Structure formats: structure tokens, C-alpha cells
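Here is what each chain is made of, one letter per residue.
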Amino acid sequence: MGAMIELCGNLHIHTGYSDGTLYHAEIAALAAEAGLDFLFVTDHNVLVRGVNRWFEFPGGRRVLLQAGEEIHQQDRIPQKNHLLALGISADLGREARDPQKLLDAVNASGGAAFLAHPFDPAAPLAHEDSLGWVSWDVRGYAGLEIWNYMSEFKSLVRNPLAMVFFALFPSLGISGPDAETLARWDGLLSDGGRVSAVGGSDAHGHAYALGPLRKIVFPYSYLFRAVNMHVLVDAPQGDAETDGRAIVAALRSGRGWVAYDLPKPTNGFRFWAEGSSGRAEMGSEIALSAAPVLRAEFPFPARWSIVRAGTGPAAGGSGTRTAFSPSRPGVYRLEARRTFRGRLRGWIFSNPVYIR
């Protein structure tokens, strides 16, 4: 593996093929304006074919678009068990009734499966039930969507005034991943699971009406500047299928981090362990006998915490660099926060380094 480069993208996007509003070329253009490198479109129970490609824009900006699928049993009441299937080559919606068969089919196709908004609040004011995951006995998923922008918005909608306020000023409410999701992730990691974290916008681009007023509350262009996914990969080859597979592999292995790029871009962040046996990036492991030091670098000062899955914070501080020498094996991940719009908010949630 050669020198790794960083790509920033957005996962969990809907188009007019399901319940979104725009289509692939329009969405790619908005992503380019937002400075993204890749997109995964995940329409509900439909895999749109023929859209995987590099889009080229003036000024040399390029965006890789890949079609995935958000799969769930459509006739289940209430709706549960939404799965993000990335890197698949066939529509797998027929397997939605049996989550384990669905996961097996995703893996057999060479894709990667992530449990979408696993702990999702109900939003009675928006006439929407909880869409969380309930079949926790399944095996074979690559990871969890720990931060879903629209799920967090739903958690803020406690009364009509809050709904209007946070729809108009969303950045005053958005603050971080769901605590129950983080706790479940840490539990899975501490039990020995290799479970990667991703984040997504769940973008639809819907317009809402309030009397005579009609407004697109969460436009794609806004969400593409908010909760994103950053990955480390080999330099793209220019072939959409090859480069798409490389990004899916990085997501599967946890070679990246979930970011709230609106307060400050997280480009340039790194978290790794280095010891006598070499360097272990996010998603990799290193032996405790190598006397590893966990290090991080931030592009802007942040309040940070290194979390040992199952036991909680192991170290913390502030600034643009960290150095922590763990004394026991475990799964270590990093959280960073910054003050934005008057509150301390989640900024970076790294995938872990495994110290064995």
C-alpha cells in the first residue's frame, strides 16, 4: 500500500428515485461546490444502475458518485431495520424480510453493510415513527451509522415551536451522535467486534410549507457541509468502479472518521498508534508489547478525549496534538469537540485503533 490520501464524502443520500427531490448529476454538482470528493446515493429499496462515475466540473473539481441502497422491509409496521448497503452490484431488496439473509447477500456481493440510524427517535409532529434497528442478533455488518443528521434533528422536535426553530436554525441544535448509539458501538467493540463507524446526512431536499411560505429546510448543499465521512485511501485510479471499491474497503475497515465539518473543516486530522513495530492507522491493530503511543493531529484546536471502549475516557486535553501511552490492551477511539454557535459540539469521531 502506497502513501494514503484523504477523501471527504457524504453517505446516505436520496434522489427522486425514492423520496428525495434531485437526481444524480444535480447532486454531484452541489457536492463539488461543497468541496466533497465522493458520494454514496442510497435510495430506498432501489439500486439505480448506470450512474457510477466520476463527474468533472470546471476548475478541475471531480466527484465520484456511487449508487448504494437503503434496504428495509417496506410492509413492516412500524418500520425498523434500515440497512445501508454500499458497493453492491445487484438490488437486494428482496431479502429485506430477513435481516440475516440480507446481510449475507450484501457480503456475498462484495459490499459492506452499515446499520442506518440504529437508535432513531420517533417524531410525532412529523408523523414519523422510530426507524431504529431491532434485530441485534444478526452478524456480518461492517458497522454502524453513529451520526445521522436527520435523526438528530428529529430528536430536537419536541414541540411545534422547536420544530420551526430548529428547521430554520439547524446549526443551533445539532451537537453530536446519539449517546445510545455510541454506547452500543463501544459495547460491540469491547466484546471483540470489528465494527466501523460511519456518518451520514440522510439528505432528501424536501420543501416544507408554513402557510404561504415554502422553504427547503435542509437543502443538499447545506447537508454536504455538515456531517461527512473522511477516509484514507490509495490515490484514485480514475476508474469509477475501482475507486468506489477502494472507498468501500476503507469504510469497511474503519480507515477514517465521522466529521461535523460545518464548525471547521476536519481535513488533515489524523489518529494513529506508533510503537516499536511500526505505525497503526485507524482500523488497524498493534501489540501492547510494542509500547504504542496514541497520537492525533487536528487542523484546528479542539477539546479531545481518547475513549477506551467499555471503560470510557482514558485521556483528555485540548490543543492540536495528542500523545497518550496506554497501559493495557483495548480498543481506543478519539472524540473531539469545538465551540460553535455558543455551545461545545461534536466535531470529530474517529474509528478505533486496536491494541492487543
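As the structure is a prediction and not an experimental result, all values here were calculated from the model.

So, about the overall build of the protein chain. Looking only at helices and strands, the protein chain has seven helices and 20 strands in total. Expressed along its principal axes, the backbone C-alpha trace of the protein chain runs to roughly 65 × 50 × 45 Å. Counting every position in the protein chain, which comprises 356 residues, the buried fraction comes to 55%. Sequence-distant contacts, at least 24 apart, represent 69% of the contacts inside the protein chain between residues at least 6 apart. Carbon and sulfur atoms make up 53% of the accessible area of the protein chain, which amounts to about 14700 Å² in all. With 35 positive and 35 negative side-chain charges, the protein chain shows a separation of 6 Å between the mean positions of the two kinds.

When strand β13 (residues 270–275) meets strand β16 (residues 293–308), the two strands line up antiparallel, connected through five bridges. Looking across to β16, one finds that A273 is bridged to L294. Examined bridge by bridge, β13 and strand β14 (residues 278–281) share four bridges and lie antiparallel to one another. Opposite G275, over in β14, you have G278 as the bridge partner.

Here the focus is helix α5 (residues 179–190). Here α5 is 12 residues long and its end C-alpha atoms lie 16 Å apart, about the 16 Å a rise of 1.5 Å per residue gives. All buried positions along α5 are accounted for by T181, L182, W185, D186, L188 and L189. Buried positions in α5, seen along its axis, are confined to an arc of 160° and lie on one side of it. α5 presents A179 and A183 as exposed residues on the side facing more than 90 degrees away from its buried surface. For α5, the N-terminal cap is D178; the gap from its side-chain oxygen to the backbone nitrogen of E180 is 3.1 Å. Of the residues one or two after α5, G192 is the one with positive phi, at around 100°.

The tally for this structure, following the rule as stated, stands at 17 aromatic pairs. With 5.1 Å between their ring centres and 80° between their planes, F165 and F166 make a pair best called edge-to-face. Relative accessible area serves as the criterion here: at 35%, F165 is assigned to the partly exposed category. With 5.1 Å between their ring centres and 75° between their planes, W257 and F269 make a pair best called edge-to-face. In this pair, W257 sits in strand β12 (residues 256–260) while F269 sits in the loop between β12 and β13, placing the two residues 12 residues apart along the sequence. What makes W257 buried here is its relative accessible area of 0%. Three or more aromatic residues joined by ring pairs form one cluster here, namely W147, Y260, F340 and F349. The positively charged end of R279 is found above the aromatic ring belonging to W272, 4.1 Å away from the centroid.

Another point: the side chain of N228. Relative to the elements of secondary structure, N228 occurs in strand β11 (residues 227–233). A distance of 3.2 Å separates the side chain of N228 from the side chain of D261, its partner in a polar contact. Setting aside chain neighbours within four positions, we find N228 in contact with C8, G9, N10, L36, L223, W257, V258, A259 and D261.

Moving on to helix α2 (residues 99–108). Those residues of α2 not exposed but buried are P99, L102, L103, A105 and V106. Buried residues in α2, looked at end-on, bunch into an arc of 160°, giving them a common side. Facing away from the buried surface of α2 by more than 90 degrees, the exposed residues are K101 and A108. The inward-facing, buried residues of α2 abut β4 (62–71), β5 (83–86) and β6 (112–115). Regarding α2, its N-cap is D98, as a side-chain oxygen of that residue lies 3.1 Å from the backbone nitrogen of Q100 further along. Positive backbone phi, approximately 85°, marks G110, located one or two places after α2.

Once that is clear, we can look at a nonpolar patch on the surface. A cluster of nonpolar side chains, contributed by V164, F165, L168, F169 and L172, occupies part of the molecular surface with about 390 Å² of accessible area. By relative accessible area, which is 34% here, V164 ends up partly exposed.

The next point concerns the nonpolar core. As a rule of thumb, soluble globular proteins bury nonpolar side chains together. Grouped together as the largest cluster of nonpolar side chains are 89 residues, with contacts concentrated most on L39, Y141, L144, I146, F224, V231 and L251. The residues contacting I146, other than those within four sequence positions of it, are P177, D178, T181, L182, W185, A197, V198, V258 and F349.

On to the pattern of salt bridges. Here the idea is simple: oppositely charged side chains can pair when their charged atoms come close. All told, the structure shown has 15 salt bridges when counted by the stated rule. R270 is paired through a salt bridge with E6; the nearest N and O atoms lie 2.9 Å apart. Of this pair, R270 sits in strand β13 while E6 sits in strand β1 (residues 5–13), placing them 264 residues apart in sequence. Among the salt bridges present, the one from R61 reaches D37, with a minimum N-O distance of 2.9 Å. Residue R61 is located in the loop between β3 (53–56) and β4, and its partner D37 is located in the loop between α1 (24–33) and β2 (38–44); the two are separated by 24 residues in the primary sequence. Connected via shared salt-bridge partners are D186, R333, E335 and R337.

Criteria and thresholds
- Residues numbered from 1 in each chain as written.
- Predicted model: local features only at pLDDT ≥ 70, side-chain atom pairs only at ≥ 80, totals over all residues.
- Heavy atoms only, no water.
- Helix = DSSP H or I, 4+ residues; strand = E, 2+ residues; numbered from the N terminus.
- Buried < 20%, exposed > 50% of the residue type's maximum accessible area, 1.4 Å probe, protein only.
- Contact = heavy atoms within 4.5 Å.
- Areas by Shrake-Rupley, 256 points an atom, 1.4 Å probe, with all protein chains shown as cover.
- Lys, Arg positive; Asp, Glu negative; His and termini not counted.
- Charge placed at Lys NZ, Arg CZ, Asp CG, Glu CD.
- Pairing = 2+ DSSP bridges.
- Expected span 1.5 Å × (residues − 1).
- Arc of directions from axis to C-beta.
- Polar contact = N/O pair within 3.5 Å; in protein donor to acceptor, adjacent residues only side chain to side chain.
- Phe/Tyr/Trp six-rings, centres within 6.5 Å; stacked < 30°, edge-to-face > 60°.
- Lys NZ or Arg CZ within 6 Å of the ring centre and 35° of its normal.
- Patch = residues over 30% accessible without salt bridge, like charges linked within 9 Å, V, L, I, M, F, W, Y side chains within 5 Å.
- Salt bridge = Lys/Arg side-chain N within 4 Å of Asp/Glu carboxyl O.
- Core = buried A, V, L, I, M, F, W, Y, C linked by side-chain atoms within 4.5 Å.

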